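Reading the structure
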Amino acid sequence: MTRPKSSTLQKAGLFYLVFVMFSYTTGGPFGLEDMVTTSGPGMTLIYLLVLPFFWCIPVSLVSAELTTAMPVEGGFYRWTRAAFGDFWGFLAGWWNWSASFLLGGAYAVLFTDYLFPGITGWKHYLVSVALIAVITWINVRGIQMVGQVATALEIFIFVPVMTMIVMAFMKWHYNPFVPLIPPHQPTFKIFGVGLALGLWLYSGYEQLSTVAEEVENPQRAYPRALALVVPLSIAAYFLPTLAGLASAGNWEQWHTGFFSDAAKMIGGPWLGTWMTLAAMVGNVALLNSTVLTTTRMPFAMAEDGYLPAALTRKHSRYGTPWLAILVSAIIYALLAWQSLGQLISVYIWLRSATTVLTVLSAWKLRRTRPEMPRAFVIPGGHLGLIYVVAAPVVM
């Protein structure tokens, strides 16, 4: 086998980076419906507007600064290692890779639940594994192929969601903010469970840093991509929820998958079916971008000597870390028989820990390596730095 040339790796530009980033962090409005019944319609809409200022906006600003300072494969894992040393760097990488096992399996399970709601057992498992196999092949082909697939999938999702929003605003029947909170609901559920779900929705804005070496001019592309994706993600959650509550109402009946029911109430069976297909495609988009971002973690950790050196092998034609991708996919497949609730509950804790380490790294590297070139600097001086570190840690 000939040695791969660096030119074999086709890099992604800003356009594909935006779609991959949006696909990973958001994908669509699906998954937030339970927040409406848990926290109430009014509080849900407030969460969707306010939480970004405490979570994804500060994390995005940190990611923008550190990606321009250290645009390396492995991203936030290597930022944490540079800031706090080998031990915490290893934990950041290991927690992230471990969390990806749960996430990859969860998206495959959700896809199969939507496609074949009646099947269980080994048939359900085989469909999940087949999806993982297809997504693995796409990712071995490289970030450009992943970006092309992400773009096509997200456009497919955008169209029915936008259609529902427009039709819903033309049939505004209810005050979407009433009631603010559910009557007789325990305080913990309103401000605990609902808040945790909101944090999950707005997570992941540091994750695309792991493929920085596969992006054209990352110092310029990453801050721009984040500036586009963060408001787009807020709109993708807030507007369909506002429209659904204003037109379809029935906030007590909102549950996972209710956007399909709301679309059916608003536009008829055809729109409900279209929205169900969009939700199914959303899980494919999420899995596609998850495999891209998380499989660079074992590759980077193997380069640093924490994992077997075999994981650094690159494909002779595509220049991708094919063995790291394959090993990760096998673990996703092994976990694809677990229930979604079991997978997500563990994932949230692992993901929050890596996010906190990421924002703390920005603070530490400002102190220990102030001379490091930063094409983008968190605005606001010391107060801005305090904000981006303190807000996620408090949450």
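Residues numbered from 1 in each chain as written. Predicted model: local features only at pLDDT ≥ 70, side-chain atom pairs only at ≥ 80, totals over all residues. Heavy atoms only, no water.

**Remarks on the packing of aromatic side chains**
Going by this rule: Paired rings are identified among Phe, Tyr and Trp, the last through its six-membered ring, by centres lying within 6.5 Å, and are further divided according to the angle between planes into stacked (under 30 degrees), edge-to-face (over 60) and tilted (the rest). Under the scheme applied here, a residue whose accessible area is under 20% of the maximum for its type counts as buried, over 50% as exposed, and between as partly exposed, the area being computed with a 1.4 Å probe on protein chains only.
Inspection of the entire model under this criterion finds 15 aromatic pairs. Between the aromatic rings of tryptophan 254 and phenylalanine 258, the centroid separation amounts to 5.0 Å while the plane-to-plane angle is 35°, which identifies the pairing as tilted. Across this residue pair, the class does not change: tryptophan 254 and phenylalanine 258 are buried. Linked through ring pairs, Tyr77, Phe90, Trp94, Trp97, Phe101 and Tyr306 together constitute an aromatic cluster.

**Describing the pattern of salt bridges**
Keep this limit in mind: Note on definitions: salt bridges are taken to be side-chain nitrogens of Lys or Arg within 4 Å of carboxyl oxygens of Asp or Glu. Strands here mean DSSP runs of E at least two residues long; helices mean DSSP runs of H or I at least four residues long; both are numbered from the N terminus.
Applying the stated criterion across every chain, the model contains nine salt bridges. One salt bridge in this structure joins glutamate 65 and arginine 374, with 3.1 Å as the shortest N-O distance. Remark: arginine 374 occurs in the loop between helix H15 (340-368) and helix H16 (381-394) and glutamate 65 occurs in helix H4 (residues 56-69); sequence separation between them is 309 residues. For arginine 374, a relative accessible area of 14% corresponds to the buried category. Salt-bridge contacts for arginine 296 lead to glutamate 73; the nearest nitrogen and oxygen are separated by 3.9 Å. A residue pair is termed long-range when its members are at least 10 positions apart, and arginine 296 in helix H13 (residues 296-303) and glutamate 73 in the loop between H4 and helix H5 (76-84) qualify at 223 residues. Where salt bridges share partners, they join Arg78, Arg81, Asp86, Glu303 and Asp304 into one cluster.

Distances and angles like these do not, on their own, reveal function.
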